[in-house]
Amino acid sequence: MTPKRGVPAGPRVAVIGAGSWGTTFGKILADGGAQVTMWARRAELAHEIDEAKRNSRYLPGINLPRTMAATHELAIALQDVDQVYLSVPSQSLRENLKALRPLLADNDAKIVSLMKGVERTTGLRMSQVIEQELRCDPDRIAVASGPNLALEIAREQPTAAVISSRSRETAEEVARAARNSYFRTFVNTDVIGTEFGGVLKNLIAVAIGIVDGVGYGENTKASIITRGLVEMTDFAVANGAHPETLQGLAGLGDLIATCQSPLSRNNTAGRLLGQGYSFQDVVKQMQQTAEGLASVAPVLQLARESEVDMPIVEQVKMVLDGKMNPRDIAPHLTTDDDTPQGERTNHGQADGGGALRRALQRAFDQFRNGGRGAGRD
Ligand SMILES: NC(=O)c1ccc[n+]([C@@H]2O[C@H](COP(=O)([O-])OP(=O)(O)OC[C@H]3O[C@@H](n4cnc5c(N)ncnc54)[C@H](O)[C@@H]3O)[C@@H](O)[C@H]2O)c1
Ligand SMILES: O=P(O)(O)OC[C@H](O)CO
């Protein structure tokens, strides 16, 4: 790792994971004045970023800031850091945190998740996995989300995102570091809604990719996006989120970007499925992380537990499992083929307010438990 030239005055930060999003976020932070050290799994990639200021595999054609350093040694990346940003595939987060934990034992740095998946084996959100593995105060944890296609941001196209933490102070501290002339950050304290927005839009983007691959047009896609937002909101609210969060950057905003863009890996994976490739072929062809593919099953499990209908996500699972012809996905946008269903526009009204009622019941149970429980953030 070379010494940093013209060391900036901002916070010292480490970014764990040097794929397309980790590297782009490192650039956002460095361009905002932070002292950034990237950690890459492969020594050659760390060397390329550190020396050539390029990441040719994940961000071809992008020049990285001169002040950005990189290493493949975790201990070096984490030395005296104020903030740690995590950007590895969601299914590998837990194993990575086990390696981080001893190195962060004497450090109360803020920990920020940049990931948009849930853990397949537990159904936990990334901030919950962080809390468990690092055994740290949730007030130190934040998540970043929004319509954030890495390559567009690496090209410095103007973009907004939201930083969420149970502690508004933490959210603001992270938001101050993660902003610059082309990247603006808002804050909220709805960690559940912010994380689920990012997870769920991936699943709807897979559905959009599927119908695109089949050759259906804009009516089909608009129908899926609109009904998809209803599913996202019902699910998130039933699991403790605020409905407004799903109307914001981490919900609707990200849904639009991911469903519209050929840069989206989830959208691309769906398109291949729609063109007739099997799930195994799609996984083989994907060079980068498409989180939606691993999140479908745990999300549906959580949906069943919280009694939320997710007809679109159910159909994505059936296509992934080879149990539904992609051409058949669109006619099944409702759960009931015989009785016309109400198109409710206020969350929680589709089932007579059931989702809202369950969320209130959970809040009440938690209150009775003295604040302990799953919906703490
Ligand atoms: N790319 C985007 O536009 C974007 C935007 C917002 C959020 N995200 C989220 O960021 C997260 C990371 O995505 P990405 O786009 O950077 O993925 P990517 O596929 O571009 O990069 C993943 C990185 O993780 C590394 N990696 C793979 N397995 C690993 C393991 N077991 N341990 C440690 N490192 C491992 C890879 O070598 C690579 O450097 C995902 O959750 C994704 O949903 C991505
Ligand atoms: O490429 P995707 O599908 O992982 O989407 C990237 C970002 O999440 C868009 O906000």
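Residues numbered from 1 in each chain as written. Chains lettered and ligands numbered in written order. Predicted model: local features only at pLDDT ≥ 70, side-chain atom pairs only at ≥ 80, totals over all residues. Heavy atoms only, no water.

As annotated in an unreviewed UniProt entry, the protein chain carries the name Glycerol-3-phosphate dehydrogenase [NAD(P)+] and comes from Microbacterium foliorum. One UniProt comment on the protein chain, placed under Subcellular location (unreviewed entry), says "Cytoplasm". (UniProt positions renumbered as here; feature names shortened; annotations may be inferred.)

Bringing the packing of helix α4 (residues 93-100) against helix α5 (residues 126-134) into the picture now. Close contact between α4 and α5 brings their axes to 9 Å; oriented N to C, the two are set at 35 degrees. Considering the relative orientation of α4 and α5, their crossing is right-handed. On α5, the residues touching L93, R94, L97 and K98 of α4 are M126, V129, I130, Q132, E133 and L134. Tallied by class, the residues present in the contact of α4 with α5 amount to six nonpolar, one polar and three charged. (Axes fitted to C-alpha atoms, helices over the stretch in contact; angles between N-to-C directions. Helix = DSSP H or I, 4+ residues; strand = E, 2+ residues; numbered from the N terminus. Left-handed = near helix turned anticlockwise from the far one by under 90°. Contact = heavy atoms within 4.5 Å. Nonpolar A, V, L, I, M, F, W, Y, C, P; charged D, E, K, R; others polar.)

All residues adjacent to ligand 2 are K116, G146, P147, N148, L149, K201, D254, T258, L263, S264, R265 and N266. Alone, ligand 2 offers 300 Å² of accessible surface; in the complex the protein occludes 92% of this. Contributions of two or more residues to the shell around ligand 2 are made by α11 (249-260) and α12 (265-274). In the shell around ligand 2, the residues fall into three nonpolar, five polar and four charged. (Near = heavy atom within 4 Å. Areas by Shrake-Rupley, 256 points an atom, 1.4 Å probe, with all protein chains shown as cover.)

Turning next to the environment of Q132. Within the secondary structure, Q132 sits in helix α5. Along the backbone, Q132 and E172 are 40 residues apart, and their C-alpha atoms lie at a distance of 23 Å. What Q132 contacts, discounting residues up to four positions off in sequence, is R94 and L124.

Here the focus is the packing of aromatic side chains. Counted according to the given criterion, the structure contains four aromatic pairs. Seen in terms of ring centroids, F25 and Y85 are 5.4 Å apart; in terms of plane orientation they differ by 35 degrees. Their pairing is tilted. Pair noted here: F25 is in helix α1 (residues 20-31) and Y85 is in strand β4 (residues 83-86), with a separation of 60 residues, a long-range link. Judged by relative accessible area, which is 0%, Y85 ranks as buried. Between F25 and F183, the aromatic rings sit 5.9 Å apart at their centres with planes inclined by 80 degrees, giving edge-to-face as the arrangement. Here F25, found in helix α1, pairs with F183, found in strand β8 (residues 183-188); they are 158 residues apart in sequence, far enough to count as distant. In this structure, F25 and F183 share a single accessibility class: buried. Three or more aromatic residues joined by ring pairs make a cluster, and in this case those are W21, F25, Y85 and F183. Taking NZ or CZ as reference, R125 lies 5.7 Å from the ring centre of F196, over its face. (Phe/Tyr/Trp six-rings, centres within 6.5 Å; stacked < 30°, edge-to-face > 60°. Buried < 20%, exposed > 50% of the residue type's maximum accessible area, 1.4 Å probe, protein only. Lys NZ or Arg CZ within 6 Å of the ring centre and 35° of its normal.)

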